[in-house]
Amino acid sequence: MPTSFNQQIIEEFRANEGKVGGPFEGGDLLLLTTTGAKSGGRHTVPLGYVRDGDLLLVIASNLGAHRHPAWYRNILAHPVVGVEIGAEAFEAIAVPAEGARRDELFDRVVRAAPGYGDYQSRTERALPVVALERPDHGAAGEVPREIRTLADKVLEIHAWLRGQLRHIRHEADAHLAARAAHQGPGEPPAPGLGLQIRQHCLAFCEALTHHHTGEDTAVFPALATHHPDLREPLDRLRDQHRTVAVLKERLLALLADITTADPARFRAELDRMTGELTRHLDDEEAELLPVLEQIPFPPAAPGPRAAEGATV
């Protein structure tokens, strides 16, 4: 089966630390890996990008076609994406810009890469401008944790989850403040934060689900086997997982309704949900970190003798 044009570019990109020839030679090119909205499979596409300060901007141009490209539909369902630039690979959160913010960023993109203006002239749809944001893994100015043990890894994941909660609260506050500042008759104008809040909320909820699934299916059973004294707290944490799963769905529903939610009720509900989710992370750390500090991460590969005697 012949290799597709995109696949040829991807292979050349990865073989040459981001350098490609042909029509893309010398251009700013990255690889974006998304999760299929329906299939759940991983899909990689080469895309041009424009830097705007700390942000990487990509345009869902589809060469000016009247439909959004598949990768854009994917990021609306699963905002955590993989990004490759040169020899660097990292995760990011894909956040489409809205309203005046979208128009402002699109103007900057066209100044840097006029071809996108040509694509826009071919279609009536506003070409989405998507910012690829590196997620906040901790408090501002905090030095990244060196990962030596499973406890370090859990703390890194928890810092990421707490960072996403900070994003959601900050953006929700900004959204509601813009609504409160509206003067005059009629509905207040949309402040352009709806998709931003939604994307960070989805990223948080997906990461939380993945984290808890890994604990329930692998980490907790292994700890219960080797540390019987932890079985009671592990059962309690599993119960919290089920409670948190319900809260997570309520959080998604609440944020989906942000344009019409009563501000006082919205703030109260978001505070309560954030508080319960945060307390769960605190409880997990208090119960498990002393044991997890004794487990190296990543785990060492078993030697030949250990492998021969290993049982499942």
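Residues numbered from 1 in each chain as written. Predicted model: local features only at pLDDT ≥ 70, side-chain atom pairs only at ≥ 80, totals over all residues. Heavy atoms only, no water.

**Student:** Could you clarify how one ought to interpret the overall build of the protein in this entry?
**Tutor:** On a plain count of helices and strands, the protein comes out with nine helices and seven strands. Sorting the 312 residues of the protein into buried and exposed places 40% on the buried side. In the protein, of all internal contacts separated by at least 6 residues, the share reaching a separation of at least 24 is 69%. Summed over its atoms, the accessible surface of the protein is roughly 17,300 Å², and 54% of this surface lies on carbon and sulfur atoms. (Helix = DSSP H or I, 4+ residues; strand = E, 2+ residues; numbered from the N terminus. Buried < 20%, exposed > 50% of the residue type's maximum accessible area, 1.4 Å probe, protein only. Contact = heavy atoms within 4.5 Å. Areas by Shrake-Rupley, 256 points an atom, 1.4 Å probe, with all protein chains shown as cover.)

**Student:** What is the right way to look at the packing of aromatic side chains in this model?
**Tutor:** Geometry of an aromatic ring pair is reported as the spacing of the ring centres plus the angle between the planes. Tallied over the full model, the rule gives two aromatic pairs. Judged by centre distance (6.3 Å) and plane angle (85°), the ring pair of Trp71 and Tyr72 falls under edge-to-face. Note on accessibility: Trp71 and Tyr72 belong to one class, buried. Between the NZ or CZ atom of Arg102 and the centre of the ring of Phe106, over which it lies, the distance is 4.4 Å. Positioned over the ring face of Phe90 is Arg134, at 3.6 Å from the centre of the ring. (Phe/Tyr/Trp six-rings, centres within 6.5 Å; stacked < 30°, edge-to-face > 60°. Lys NZ or Arg CZ within 6 Å of the ring centre and 35° of its normal.)

**Student:** Would you mind going over the packing of helix α7 (residues 231–256) against helix α8 (residues 263–292) with me for this structure?
**Tutor:** Two measures define how a pair of helices packs: the angle their axes make with one another and the distance between the axes. One can describe the packing of α7 onto α8 by two numbers: an axis separation of 10 Å at closest approach and a directional angle of 155°. Judged on the interaxial angle alone, α8 and α7 are roughly antiparallel. Seen from above, α7 lies across α8 with left-handed handedness. Considering only residue class, the contact of α7 with α8 consists of 13 nonpolar, three polar and nine charged. (Axes fitted to C-alpha atoms, helices over the stretch in contact; angles between N-to-C directions. Parallel < 35°, antiparallel > 145°, perpendicular 65-115°, else oblique. Left-handed = near helix turned anticlockwise from the far one by under 90°. Nonpolar A, V, L, I, M, F, W, Y, C, P; charged D, E, K, R; others polar.)

**Student:** Help me understand the nonpolar core in this model?
**Tutor:** Generally speaking, nonpolar side chains in soluble globular proteins are found buried as a group. With 26 residues, the main nonpolar core has Ile168, Phe204, Leu251, Leu255, Phe266 and Leu277 as its most contacted residues. Excluding residues within four positions of it along the chain, Ile168 makes contact with Ile197, His200, Cys201, Phe204, Leu255 and Leu270. Within the second largest apolar cluster, 19 residues are counted, among which are Leu56, Val81, Ala92 and Val130. (Core = buried A, V, L, I, M, F, W, Y, C linked by side-chain atoms within 4.5 Å.)

**Student:** Explain the pattern of salt bridges here, please?
**Tutor:** Side chains carrying opposite charge are able to pair once their charged atoms draw close together. The final tally for this structure, using the stated rule, is 18 salt bridges. Where Arg236 meets Glu287, a salt bridge forms, and the shortest distance between an N and an O atom there is 2.6 Å. Of this pair, Arg236 sits in helix α7 while Glu287 sits in helix α8, and the two are 51 residues apart along the sequence. A residue is classified by how much of its surface remains accessible, and Glu287, at 28% relative accessible area, is partly exposed. Across the salt bridge formed by Glu276 and Arg272, the nearest N and O atoms sit 2.7 Å from each other. (Salt bridge = Lys/Arg side-chain N within 4 Å of Asp/Glu carboxyl O.)

**Student:** Sorry, what's going on with the environment of Gly117 here?
**Tutor:** Examined against the element boundaries, Gly117 turns out to sit in helix α4 (residues 115–121). You can call Gly117 partly exposed: its relative accessible area is 22%. Here the alpha-carbon distance between Gly117 and Ser61, two residues 56 residues apart in the chain, equals 9.7 Å.

**Student:** When you look at the packing of helix α5 (residues 150–180) against α8 in this model, what are you seeing that I'm missing?
**Tutor:** Between α5 and α8, the shortest axis-to-axis distance is 10 Å and the interhelical angle comes to 170°. Here α8 runs roughly antiparallel to α5, going by the angle between their axes.

**Student:** Just to check I follow, could you spell out helix α1 (residues 5–15) for this structure?
**Tutor:** Given 3.6 residues per helical turn, the α-helix brings residues three or four places apart onto the same face. Within α1, burial applies to Ile9, Ile10 and Phe13. The buried residues of α1 occupy one face: seen down the axis, they fall within an arc of 100°. Among the structural elements, β1 (29–35), β2 (42–48) and β5 (80–85) are those in contact with the buried residues of α1. In the segment just after α1, Glu17 is the residue with positive phi, at about 50°. (Arc of directions from axis to C-beta.)

Everything listed is a geometric property; what it means functionally is a separate question.
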